[in-house]
Amino acid sequence: MTALPNRHETFQPTVEERLHAIFESFAGETAASCRYAGGELSYAELYRRAANLRHDLASGPLAGPERPPVLIWGHKDHRYMIAYWACLTGGWALVPVEPETPVERVRQIASACGAGALLIADTDTRIEAQIADLVSVVHIGCEDDCTGLAFDTACRAPNAGINPHDVAYIMFSSGTLGQPKGIQVSYANLIDFIDWLDVLLPEAAMWQGVSGNIRYCFDVSLFEIWTAWLHLLPVTALDHADLANSSGLIQRVAADRVSLWVSTPSIIRLFLKNPRFTGEALPDCRTFLFCGEPLTKMIVRQLFERFPGCRVVNTYGPTECTVAVTGVDITEAHLTDTHELPIGYARPGTVLEHFAQAEAGAEDGSEPLAGEIYIRGLSVGNGYINLPEKQATAFPKPGLYRTGDWGYRAKDGLWYFKGRIDRETKIQGVRVDLDDVEKHVRSLEGVDDAVVSVYSLDGQPRALNAFVLGPRGAADLRALAERLATELPSYLVPRFWYANFEVKLNNNSKLDRKEVITAAGKARARYVHSGLGVGVPHGH
Ligand code: AMP
């Protein structure tokens, strides 16, 4: 007699069935799936056009059993969403590429992942002439003319035979120099992330819309698009060319009744400069979710003041582990304690560990020892394409990832981020942890964010520079340096201070550290903290 499958086996949908259930929910939905400067795209249109495109690709340039990755070329355009779903349901790993990417790098990316096609989902189509020799190029029409096919049931996504460990998407790490690093995330990883969204954002069922602030080549955008897709909400796409026009954007966010705001701390800092960025102007905006960079107390204080009763969630994680692996609601108590803000509790199915000598402290209120954070579990992705050495170092075994981040876990399981392990340097023989100094500078009153770097002379590290956002004049800088000198040994107090420079963000909308250093070179306010023996240990 054959054993009957148990209940669990019978009813557990496969990852492919899960995706299809979400996709099928779009079919009859007339509400907008995304709103962009030029109009909107309904869920039903998204469904129909993605299914058509998938059909065209499967019977055209991507015909055959092999399923190569597909580059999607586009910024904040509704066609990106069409391309996304065509690839996702077709089993072709999608690779987002921003139109700003230099051609040489796009070619490197296409070769590195063995791309089968490049889908143009943007009005900027210049890439075609420069890549058509390497991959098939497919234009997605702006209007519904991409296929010439009348939608019929043949286009309904049939089973593509996707396995849980097949690659769903590949993100190429930021930076324009060096070998591109392709980070692969599987369908199983993606489903696990989607499941977490339900736990993390239970209030989503009540929402009217979500922000579309993050570029698609940065995986934090998955918080926005997947929350929208799970609840059939519109995404209000923010074209980064408009980032300087916060008033216009605030109006759009208000009109679209955006309830969830996702961004890096750097993006919200631009909005907080605008006095109209308030709960009065944006009554629907109730939840703010951050990822990607240290969230500062100054930002949260301003949000609590301007959006009374709002929810602020801090999340943390590397792309290698599917967007984020921890999350926590920031409270008034976090703002008043002496620690930096926590990054959160590990998400279900994921375990964080850190290798510190001992878990000391904590009980008497002092910090436990920090160690390198390792991540284990369902969020850990497949790793890098064709980089065996990097793979072996960062993924010592499948399902385990070494982050290169320093952190510690408090007694209650809450994690704190201390910085990158590779930011340790020696200045005149003294070991200096730049992240640690940066953290102290950032915690000074009036400082919004800070970058600390090494000042070198004749190729030798000699002292520290501090570049600070917030303070405006040399007198402010002097006060900060003097304040810091009361907290840190003199050799850790930066000698050169800069403020009042133009701030630039990188492709992932994080503070661009290199740009900060360049811009600060031309800064309008500087201060040299004389009298401190930089690089000379205390007492020498
Ligand atoms: P990326 O893979 O580009 O998302 O970068 C991941 C890295 O960003 C992490 O390894 C951390 O160094 C940093 N990071 C991400 N989230 C946070 C956070 N909430 N606080 C501090 N650093 C963060």
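That block above? That's the structure.
About the cut-offs
Residues numbered from 1 in each chain as written. Predicted model: local features only at pLDDT ≥ 70, side-chain atom pairs only at ≥ 80, totals over all residues. Heavy atoms only, no water. Pairing = 2+ DSSP bridges. Helix = DSSP H or I, 4+ residues; strand = E, 2+ residues; numbered from the N terminus. Axes fitted to C-alpha atoms, helices over the stretch in contact; angles between N-to-C directions. Parallel < 35°, antiparallel > 145°, perpendicular 65-115°, else oblique. Left-handed = near helix turned anticlockwise from the far one by under 90°. Contact = heavy atoms within 4.5 Å. Nonpolar A, V, L, I, M, F, W, Y, C, P; charged D, E, K, R; others polar. Salt bridge = Lys/Arg side-chain N within 4 Å of Asp/Glu carboxyl O. Buried < 20%, exposed > 50% of the residue type's maximum accessible area, 1.4 Å probe, protein only. Near = heavy atom within 4 Å. Polar contact = N/O pair within 3.5 Å; in protein donor to acceptor, adjacent residues only side chain to side chain. Areas by Shrake-Rupley, 256 points an atom, 1.4 Å probe, with all protein chains shown as cover. Expected span 1.5 Å × (residues − 1). Phe/Tyr/Trp six-rings, centres within 6.5 Å; stacked < 30°, edge-to-face > 60°. Lys NZ or Arg CZ within 6 Å of the ring centre and 35° of its normal.

Draft legend 1. Focus on the sheet that holds strand β17 (residues 371–377). Taken in spatial order, the four strands make up an open sheet running β16-β17-β19-β20, and their pairing is antiparallel. Strands at the two margins of the open sheet, each flanked by one partner only, are β16 (350–355) and β20 (415–420). The mean inter-strand angle of the sheet, taken between neighbouring strand axes irrespective of direction, is 50 degrees. As paired elements, strand β19 (residues 400–409) and β20 share five bridges and run antiparallel to each other. Paired with Arg409 across the strands is Trp415, a residue of β20.

Draft legend 2. Local environment of the packing of helix α10 (residues 265–272) against helix α11 (residues 297–306). Their axes nearest at 11 Å, the elements α10 and α11 cross at an angle of 50 degrees. With respect to each other, α10 and α11 are oriented oblique. Handedness of the α10/α11 crossing: left-handed. Taken together, the residues of α11 that come into contact with α10 (itself represented by Pro265, Ile268, Arg269 and Leu272) are Ile299, Gln302, Leu303 and Arg306. Counted by class, the contact of α10 with α11 contains five nonpolar, one polar and two charged residues.

Draft legend 3. Representation of the pattern of salt bridges within the structure. For the coordinates displayed, the defined rule picks out 29 salt bridges. For Arg257, the salt bridge is made with Asp284, and the minimal N-O distance between the two is 3.1 Å. Taken together, the positions of Arg257 in the loop between α9 (246–255) and β11 (260–263) and Asp284 in the loop between α10 and β12 (287–290) put the pair 27 residues apart, joining distant regions of the chain. For the salt bridge of Asp435 with Arg423, the shortest nitrogen-to-oxygen distance reads 3.3 Å. Of this pair, Asp435 sits in helix α14 (residues 434–442) while Arg423 sits in the loop between β20 and β21 (424–427), and the two are twelve residues apart along the sequence. Exposure remark for Asp435: the relative accessible area of 9% places this residue in the buried category. Note on Arg423: relative accessible area 16%, which makes it buried. A cluster of three or more residues bridged by salt bridges with shared partners is formed by Arg269, Arg423, Asp435, Glu438, Arg442, Asp448, Asp449 and Arg513.

Draft legend 4. Fine view of the site of the ligand. Around the ligand there are 16 residues in total, and Gly292, Thr315, Thr319, Asp405 and Lys510 lie nearest to it. In this structure, an oxygen atom belonging to the ligand sits 2.7 Å away from a side-chain N or O atom of Thr319. Interatomic distance of 2.6 Å between a side-chain N/O atom of Asp405 and an oxygen atom of the ligand. Burial of the ligand by the protein chains amounts to 87% of its free accessible area of 500 Å². Among the secondary structure elements, those contributing two or more residues to the shell around the ligand are β13 (311–316) and β20. No other element matches the three residues that β13 contributes to the shell around the ligand. Tallied by class, residues from the shell around the ligand come to six nonpolar, six polar and four charged.

Draft legend 5. Spatial organisation of helix α3 (residues 43–59). Taking 1.5 Å per residue as the helical rise, α3 with its 17 residues ought to reach 24 Å, and the 24 Å between its terminal C-alpha atoms agrees with that figure. Of the residues making up α3, those classed as buried are Tyr43, Leu46, Tyr47, Arg49, Ala50, Ala51, Asn52, Leu53, Arg54 and Leu57.

Draft legend 6. Spotlight on the packing of aromatic side chains. Applying the stated criterion across every chain, the model contains 29 aromatic pairs. Seen from their ring centres, Phe26 and Trp85 are 5.2 Å apart, and the 85 degrees between their planes marks the pair as edge-to-face. Of this pair, Phe26 sits in the loop between α2 (15–24) and β1 (32–36) while Trp85 sits in helix α4 (residues 78–90), placing them 59 residues apart in sequence. Pair check on accessibility: Phe26 and Trp85 agree, each one buried. Pairing Phe193 with Phe223 gives two aromatic rings, centres 5.4 Å apart and planes at 65 degrees, and the pair type is edge-to-face. Placement of Phe193 in helix α7 (residues 187–200) and of Phe223 in helix α8 (residues 221–231) is noted, with a sequence separation of 30 residues between them. In this structure Phe193 comes out as buried when scored by relative accessible area, which is 0%. Clustering of aromatic rings is evident, with ring pairs tying together Phe23, Phe26, Tyr43, Tyr47, Tyr80, Tyr84, Trp85, Tyr216, Trp226 and Trp229. Stacked on the ring of Tyr216, the Lys or Arg Lys76 has its end atom at 4.8 Å from the ring centre.

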